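An overview of the molecular structure
Residue-level listing of the chains:
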Amino acid sequence: DIQVFVDYPEYFQSDGNDIAELIRLAAYNGWTIEDLAATPNTNMTIDYEITRADAQYFSVAFLSFYFSRGNAHPSSEEYAVTIDRATGSPVLLSDILDFSDSNELAELISEEFTPLGGWVDLPALDELAACYIDNLLFDEQHSFYLTDDSLCLIIHYFRYDFVLEAPLSSLPLKHPF
């Protein structure tokens, strides 16, 4: 028994829309029905927030929550996708930020970004920056989202997800927003 719940708005359901299909695939974050079938008795709920929708970018942040009967506790994960409306392609962090190497990016994260949420036991920003860069090597596409005036980084740190935010105006951007 597999149950997956994703409540898509009209935008995602338009037939033949390539961007809508990219968003739909991103919602599942690499999972397929076959993957889910391999873990029976699983419930998966995917919530989302459209964080930016203008002529240039369409950005969506997702929160997936899944539980398999017999597991000790449920799991959750935050991830995102940003689509360039002109090309219809997913955007990479390196398409937006101008940085030369991982050290420069780590310094930028430590100096310009602040955490969202009221975390009491937040790790040091340099530690989160190092973790973000390690994860970025595997998935540069789903680790950030845009708002109208900010860039938000999603950092998977052990079993927690932290979000750091910086105003676009404070960042070295490859092109103006």
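Refer to the structure printed above.
Residues numbered from 1 in each chain as written. Predicted model: local features only at pLDDT ≥ 70, side-chain atom pairs only at ≥ 80, totals over all residues. Heavy atoms only, no water.

1. Some thoughts on the side chain of Asp-161
As a reminder, the rule being used: Numbering of helices and strands runs from the N terminus; a helix is a DSSP stretch of H or I covering at least four residues, while a strand is a stretch of E covering at least two. Buried, partly exposed and exposed residues are distinguished by accessible area as a fraction of the type maximum, computed with a 1.4 Å probe on protein chains only: under 20%, between the cut-offs, and over 50%, respectively. Throughout this description, a polar contact denotes any pair of N or O atoms lying within 3.5 Å of each other; where both atoms belong to protein, one of them has to be capable of donating a hydrogen while the other can accept it, and for residues adjacent in sequence the pair is counted only when both atoms sit in side chains.
Here Asp-161 shows up in strand E9 (residues 160–167). For Asp-161, a relative accessible area of 14% gives the class buried. Of the polar contacts made by the side chain of Asp-161, one reaches the backbone nitrogen of Glu-78; its length is 2.7 Å. Here His-156 takes part through its side chain, which lies 2.5 Å from a polar atom of the side chain of Asp-161.

2. A short note on the sheet that holds strand E6 (residues 114–115)
Rule in force here: Strand pairing requires that DSSP identify at least two bridges connecting the strands. Should any heavy atoms of two residues lie within 4.5 Å, those residues are considered in contact. To get an axis, a line is fitted to the C-alpha atoms, and for a helix only the part in contact is used. The angle between two axes follows their N-to-C directions and goes from 0 to 180 degrees.
Pairing within the open sheet is antiparallel, and its four strands lie in the order E6-E9-E8-E7. Taken across any chain shown, the strands that pair with only one partner, and hence form the sheet edges, are E6 and strand E7 (144–146). Here two bridges tie E6 to E9, and the two strands are oriented antiparallel to one another. Across the sheet, residue Pro-115 finds its bridge partner in E9, namely Leu-164. Against the sheet, helix H5 (residues 125–136) touches E7, strand E8 (150–157) and E9, its axis set at about 85° to E8.

3. Here's the deal with the environment of Tyr-48
The topology assignment puts Tyr-48 in strand E2 (residues 42–53). Taking relative accessible area as the criterion, Tyr-48 reaches 29% and is therefore assigned partly exposed. Each C-alpha atom of the pair Tyr-48 and Phe-62 lies 4.3 Å from the other, and the pair is 14 residues apart in sequence.

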